[in-house]
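Structural overview
One-letter residues, chain by chain:
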Amino acid sequence: MVNFICKNCNYRFKSERIGEICPYCGKKEVIKEPSAEDLLKDE
Ligand SMILES: [Zn+2]
């Protein structure tokens, strides 16, 4: 599962697919939220 944030209403939700539609406002203005593990990586 991937965390997404809607740029339109800041609603956070989880989905398995990229390019999801915000379930709250119905917009496609969602971005993928980096996970805590991704942030800990120091490459
Ligand atoms: Zn939204």
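In short, a report on the structure.

About the criteria used
Residues numbered from 1 in each chain as written. Predicted model: local features only at pLDDT ≥ 70, side-chain atom pairs only at ≥ 80, totals over all residues. Heavy atoms only, no water. Donors = N, O, S within 2.8 Å, 3.2 Å for Na, K, Ca; no water. Tetrahedral: all angles 85-135°; square planar, octahedral: opposite > 155°, others 65-115°. Helix = DSSP H or I, 4+ residues; strand = E, 2+ residues; numbered from the N terminus. Phe/Tyr/Trp six-rings, centres within 6.5 Å; stacked < 30°, edge-to-face > 60°. Buried < 20%, exposed > 50% of the residue type's maximum accessible area, 1.4 Å probe, protein only. Pairing = 2+ DSSP bridges.

1. Quick word on the coordination of the zinc ion
Taken together, Cys6 (SG), Cys9 (SG), Cys22 (SG) and Cys25 (SG) make up the full set of protein donors to the zinc ion, lying 2.2 to 2.3 Å away. In this structure, the zinc ion is coordinated by four donor atoms arranged in tetrahedral fashion, with angles at the metal of 106 to 118°. One chain supplies every donor for the zinc ion, spaced along it as C-x2-C-x12-C-x2-C. Taken together, the residues span a long stretch of sequence, with Cys9 in the loop between strand 1 (2-6) and strand 2 (12-15) and Cys25 in the loop between strand 2 and strand 3 (30-32) at a distance of 16 residues.

2. Remarks on the packing of aromatic side chains
Enumeration over the complete set of coordinates arrives at three aromatic pairs. Relative to Phe13, the ring of Phe4 has its centre 5.7 Å away and its plane inclined at 25°; by these criteria the two rings are stacked. Here Phe4 falls in the buried class, since its relative accessible area comes to 2%. Three or more aromatic residues link up through ring pairs in this structure, and these residues are Phe4, Tyr11, Phe13 and Tyr24.

3. Let's talk about the pairing of strand 1
Extensive coverage of strand 1 is indicated by the burial of four of its five residues. Two strands pair when backbone bridges link them, and strand 1 and strand 2 are joined in this way by four bridges, in the antiparallel orientation. Each residue of the ladder has a partner; that of Asn3, found in strand 2, is Lys14. Sheet topology places strand 1 next to strand 3; three bridges connect them, and they run antiparallel. Paired with Phe4 across the bridge in strand 3 is Lys32.

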